[in-house]
Number of protein chains: 2
Amino acid sequence: MKNYSEIYEQELISNVIPFWMKHSKDEKGGGYFNCLDRTGNVFDTDKFMWLQAREVWTFATLYNEQEARPEWLEMAKHGADFLEQHGRDAEGNWYFSLEQFGKPLVQPYNIFSDCFASMAFAALYKADPQEKYAQIAKDTFQNILKRQQNPKGKYNKAYPGTRDLKNFALPMILSNLSLEMEHLLDKQTVDDLLKAVIHEVMDIFYQQDSGLILENVNLDGSFSDSFDGRLINPGHTIEAMWFMMDLGVRLNDPKLIGRCVEIALRTLEYGWDKEYGGIFYFMDIKGHPVQQLEWDQKLWWVHLEALVCMAKGYALTGSVACKEWFLRLHEYSWKHFRDEEHGEWYAYLNRRGEVLLPLKGGKWKCCFHVPRALFQVARVLSAVEEENDRL
Amino acid sequence: MKNYSEIYEQELISNVIPFWMKHSKDEKGGGYFNCLDRTGNVFDTDKFMWLQAREVWTFATLYNEQEARPEWLEMAKHGADFLEQHGRDAEGNWYFSLEQFGKPLVQPYNIFSDCFASMAFAALYKADPQEKYAQIAKDTFQNILKRQQNPKGKYNKAYPGTRDLKNFALPMILSNLSLEMEHLLDKQTVDDLLKAVIHEVMDIFYQQDSGLILENVNLDGSFSDSFDGRLINPGHTIEAMWFMMDLGVRLNDPKLIGRCVEIALRTLEYGWDKEYGGIFYFMDIKGHPVQQLEWDQKLWWVHLEALVCMAKGYALTGSVACKEWFLRLHEYSWKHFRDEEHGEWYAYLNRRGEVLLPLKGGKWKCCFHVPRALFQVARVLSAVEEENDRL
């Protein structure tokens, strides 16, 4: 059997990270280029705050947890300088995007810009404990908590009172962010937050009858028979399940871990394309047509997060099903997403697994899901492989 | 050779209109069901204002121009009653969507709801000259003109001043709407408006060097090298070219018609998928990856509007290229979009021309592009066929 932890670590260190080190740094405008074509050439210079922050987080975290290479810390700080200088409006909300030199392009309508900014500065503070980094992370985090009931603010187009839904993405991200922020928050805040997000994810969004997690539910947690209410995003669910497993480890709660494994496996069975392989992007729990025209596409992050989830599920519970899914996902992902010729991984495949857009970085893909997943899988499996010889 | 005008008229009268007459009327909630599956079953009851208004327009226009069947007028008024009663906020802006019984769901952020509402009531007024219909059409039209500099109002997320772009869709729709509204407006208003929209479409959005039309340009008409600025929507261009041909006829301007034919043909060559056939949905004028994941899909309206455009181009100029493109588009569209088994046409195909979503009505497809195109092609070609025997 193969030594997967080495394969994943090798891919991270020798392929993926060098690609971003070489191509994404903007020496002139500051921060990172987000839009890189197949070979790494910059095809657009706009800067998306989600992605700038995520790249800061990736380099800071590699420095903290993989190896303290000075060039990684320097790369993280290069992005953080740009974010600190240009990223926020007067109220401290993070813009959605800026042009190359930092002028705001799109207003702060999207709270996930703030989530990834606080995650970035929290990780950077670990690497370089400057008080200003901690302050940005904490201020931003407080602002997220303040905005969480109406994250879109005045840009919210829903008419109030007719069909008030809550969305899965924010509790899902908060479950990860609360661990990322733990060193900057007091214990009571973290404990309360963890309890609340676990309840939201595992009781409210989780549906007992189907065993699946919905993207949107009514405020009281009940099912909304509408486009938004019927929507399932298997990748979101599976990613959230490894966030929850991390909480299970943190809280020493094997029952929670067991439930996460069960939900993740059910979601994989449900979301797997029996005809062409790979995991669908969007589905309707009643089998109706979805509004998302990209529903049948195969996205990089979905498959990478599923690899992490199955690796953790196997490592934490020894589940054979998790191991088998890991191997199936590994085969699909490395065959279809990895670019043997120009390095890094493709983002968007069509249903058949053919490349749909030949970019390595774009409005939503950056130096984040690929390296984070490679890092996570390598680390999780190395512990198991030491025990069991090899996977 | 076939008698295409008869084929298109037959399809309109015996297949498409009966489908909507049978399945889309909501006797309980008022208005129309928009979301119909392959067989015509209602799979969602939300009501989208674009689509409600467009169905009113279609039935009113068929009554006015095809045949004065009382059931068509009754169907138009059934939708108009619902729109009149529930469609607007206190300022007269049209909501984007309502739930089944008329409670607002999504705020009036989208000015095209207003465009199609004024078009609907203007057509209905021709069929049934009640003053209130004219008033709604005129009030809405004035409101559109008032809002046209910032159509999204407070929902506009662009940061002002960094990259102010103008979008092609509004001048394009106004070029059609000004003819649809002509019987309700004074001559000077129409003349000024026609002059302005022809200038916008044919001089500002049209790019001399490429011979193509861009979806977004800087306020001064120059090219913006950004995702939005590089975007081409071939279907939009081709649809706009038949709107412009109608203006060419109205203004007795054969030079304008000639330019429209030229641009439409160039756009078809540019947008045609040489590998699998059909017209791409979105493209980047520099060949870079677009943000729209659905870029390579084949959409019903794109192909139907292209059929209308080529039929008009052929009828007005005798262009052999238009005739050949009409025949090629006819073959592709009838083979891939038409549902032989359950009637009406599919909306969304993947790049290979396979059905991507098996709906007949959804958030964006309703009783509009299919019947309007069938009606237009039948009428345009019947005049030519009388002269030339058959196409």
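Because the structure is predicted, anything quoted here is derived from the model rather than measured.

Engineer: Help me understand the overall build of chain A in this model?
Structural biologist: On a plain count of helices and strands, chain A comes out with 13 helices and 14 strands. For chain A, the C-alpha radius of gyration of 20 Å lies close to 21 Å, the compact-globule estimate for 391 residues. Each of the three principal axes of chain A carries a C-alpha extent, and together these read 55 × 50 × 40 Å. By residue count, 63% of the 391 residues in chain A fall in the buried class.

Engineer: So what exactly am I meant to see when it comes to the layout of surface pockets here?
Structural biologist: One water molecule sets the probe size; rolling that probe over the atoms shows where empty space is left. Residue and element names in this part refer to chain A. In this structure, the second largest pocket occupies an estimated 590 Å³ of space. Trp242, Asp246, Lys312, Gln376 and Arg379 are, among the 28 residues lining the second largest pocket, the residues nearest its centre. Those elements that provide at least two residues to the lining of the second largest pocket are α2 (49–66), α4 (111–127), α6 (169–180), α9 (234–250), α11 (300–317) and α13 (369–388). Considering every element that reaches the lining of the second largest pocket, the biggest residue donor is α13, with 9 residues. Classifying every residue of the lining of the second largest pocket gives 13 nonpolar, 5 polar and 10 charged.

Engineer: Explain the packing of aromatic side chains here, please?
Structural biologist: Any aromatic ring pair is given by two values, namely how distant the centres are and how the planes are angled relative to each other. Residue and element names in this part refer to chain B. For the structure shown, the criterion picks out 52 aromatic pairs over all chains. Ring plane angle 65° and centroid distance 6.2 Å describe the contact between Phe48 and Phe96, whose orientation is recorded as edge-to-face. Taken together, the residues Phe48 in strand β3 (residues 47–48) and Phe96 in the loop between α3 (70–86) and β4 (97–98) connect sequence positions 48 residues apart. Judged on exposure class, the residue Phe48 and its partner Phe96 are both buried.

Engineer: Can you help me understand the sheet that holds strand β14 (residues 355–357) of chain A in this one?
Structural biologist: Residues and elements named next belong to chain A. Here we have 3 strands laid out as an open sheet, ordered β12-β13-β14, and antiparallel in their pairing. Taken across any chain shown, the strands that pair with only one partner, and hence form the sheet edges, are β12 (298–299) and β14. Where strand β13 (residues 348–349) meets β14, 2 bridges bridge the pair, whose relative direction is antiparallel. Across the sheet, residue Leu349 finds its bridge partner in β14, namely Val355.

Engineer: What is the right way to read the environment of Tyr109 of chain B from this model?
Structural biologist: Residues and elements named next belong to chain B. Note on placement: Tyr109 falls in the loop between β5 (104–106) and α4 (111–127). For Tyr109, a relative accessible area of 14% puts it in the buried group. Taking the C-alpha atoms as reference points, Tyr109 and Tyr155, separated by 46 residues in sequence, lie 6.1 Å from one another.

Engineer: Before we go on, may I ask you to explain the packing of helix α1 (residues 4–23) of chain B against α3 of chain B in this structure?
Structural biologist: Packed helix pairs are characterised by how far apart their axes lie and by the angle those axes make with each other. Residue and element names in this part refer to chain B. Taken N-terminus to C-terminus, the directions of α1 and α3 make an angle of 40°; their axes are 12 Å apart at the nearest point. What the angle tells us is that α1 and α3 run oblique. Taken as a pair, α1 and α3 cross one another with a handedness that is left-handed. Taken together, the residues of α3 that come into contact with α1 (itself represented by Ile13, Ile17, Trp20 and Met21) are Glu71, Trp72 and Met75. Of the residues belonging to the contact of α1 with α3, the class tally is 6 nonpolar, no polar and 1 charged.

Engineer: Can you help me understand the packing of α1 of chain B against helix α2 (residues 49–66) of chain B in this one?
Structural biologist: Residues and elements named next belong to chain B. Between α1 and α2, the shortest axis-to-axis distance is 13 Å and the interhelical angle comes to 140°. In terms of their interaxial angle, α1 and α2 are classed as oblique. Relative to α2, α1 is oriented so that their crossing is left-handed. Where α1 approaches α2, its residues Glu9, Leu12, Ile13, Ile17, Trp20 and Met21 are matched on the opposing element by Glu55, Thr58, Phe59, Leu62 and Gln66. Tallied by class, residues from the contact of α1 with α2 come to 7 nonpolar, 2 polar and 2 charged.

Engineer: Sorry, what's going on with the nonpolar core here?
Structural biologist: Nonpolar side chains tend toward joint burial in soluble globular proteins. Among the nonpolar cores identified, the biggest contains 291 residues, and Met241 and Met310 of chain A together with Met241 and Met310 of chain B are the most heavily contacted of them. For Met310 of chain B, the contacting residues outside a window of four places in its chain are Ala264, Leu265, Leu268, Cys322, Trp325, Phe326 and Leu329 of chain B.

Engineer: Quick question: what am I supposed to make of helix α5 (residues 131–147) of chain A here?
Structural biologist: Since the α-helix packs 3.6 residues into each turn, any two residues three or four apart lie on the same face. All names here are of chain A. Between its terminal C-alpha atoms α5 stretches 24 Å, which fits the 24 Å expected from 17 residues at 1.5 Å a residue. By the burial criterion, the buried members of α5 are Tyr133, Ala134, Ile136, Ala137, Thr140, Phe141, Asn143, Ile144 and Arg147. Residues of α5 that are buried sit in contact with α3 (70–86), α4, α6 and α7 (187–205).

Engineer: I tried to follow the state of the cysteines on my own but got confused; where do I start?
Structural biologist: Two cysteines joined by a covalent bond between their sulfur atoms form a disulfide. Residue and element names in this part refer to chain A. Counted by the stated rule, this structure contains 0 disulfides over all chains. Of all cysteine sulfurs, the one in Cys309 lies closest to Cys260, which takes part in no disulfide; the gap is 7.7 Å. Residue classification places Cys260 among the buried positions, given a relative accessible area of 0%. With no disulfide of its own, Cys309 lies 7.0 Å from the sulfur of Cys322, the closest cysteine sulfur.

Engineer: Help me understand the environment of Gly318 of chain A, please; the structure alone is not making it clear to me.
Structural biologist: Residues and elements named next belong to chain A. Tracing the sequence through the fold places Gly318 in the loop between α11 and α12 (320–336). Here Gly318 falls in the partly exposed class, since its relative accessible area comes to 40%. Spatially, the C-alpha atom of Gly318 lies 9.3 Å from that of Val384, the residues being 66 residues apart in sequence.

Calculation notes
Residues numbered from 1 in each chain as written. Chains lettered and ligands numbered in written order. Predicted model: local features only at pLDDT ≥ 70, side-chain atom pairs only at ≥ 80, totals over all residues. Heavy atoms only, no water. Helix = DSSP H or I, 4+ residues; strand = E, 2+ residues; numbered from the N terminus. Rg over C-alpha atoms; globule rule 2.2 N^0.38 Å. Buried < 20%, exposed > 50% of the residue type's maximum accessible area, 1.4 Å probe, protein only. 1 Å grid on protein atoms, 1.4 Å probe; cavity = no way out; pocket = protein on both sides within 12 Å on 5 of 7 lines; lining within 4 Å. Points joined across faces, edges and corners; volume = space filled by probe spheres on them. Nonpolar A, V, L, I, M, F, W, Y, C, P; charged D, E, K, R; others polar. Phe/Tyr/Trp six-rings, centres within 6.5 Å; stacked < 30°, edge-to-face > 60°. Pairing = 2+ DSSP bridges. Axes fitted to C-alpha atoms, helices over the stretch in contact; angles between N-to-C directions. Parallel < 35°, antiparallel > 145°, perpendicular 65-115°, else oblique. Left-handed = near helix turned anticlockwise from the far one by under 90°. Contact = heavy atoms within 4.5 Å. Core = buried A, V, L, I, M, F, W, Y, C linked by side-chain atoms within 4.5 Å. Expected span 1.5 Å × (residues − 1). Disulfide = S-S within 2.5 Å.

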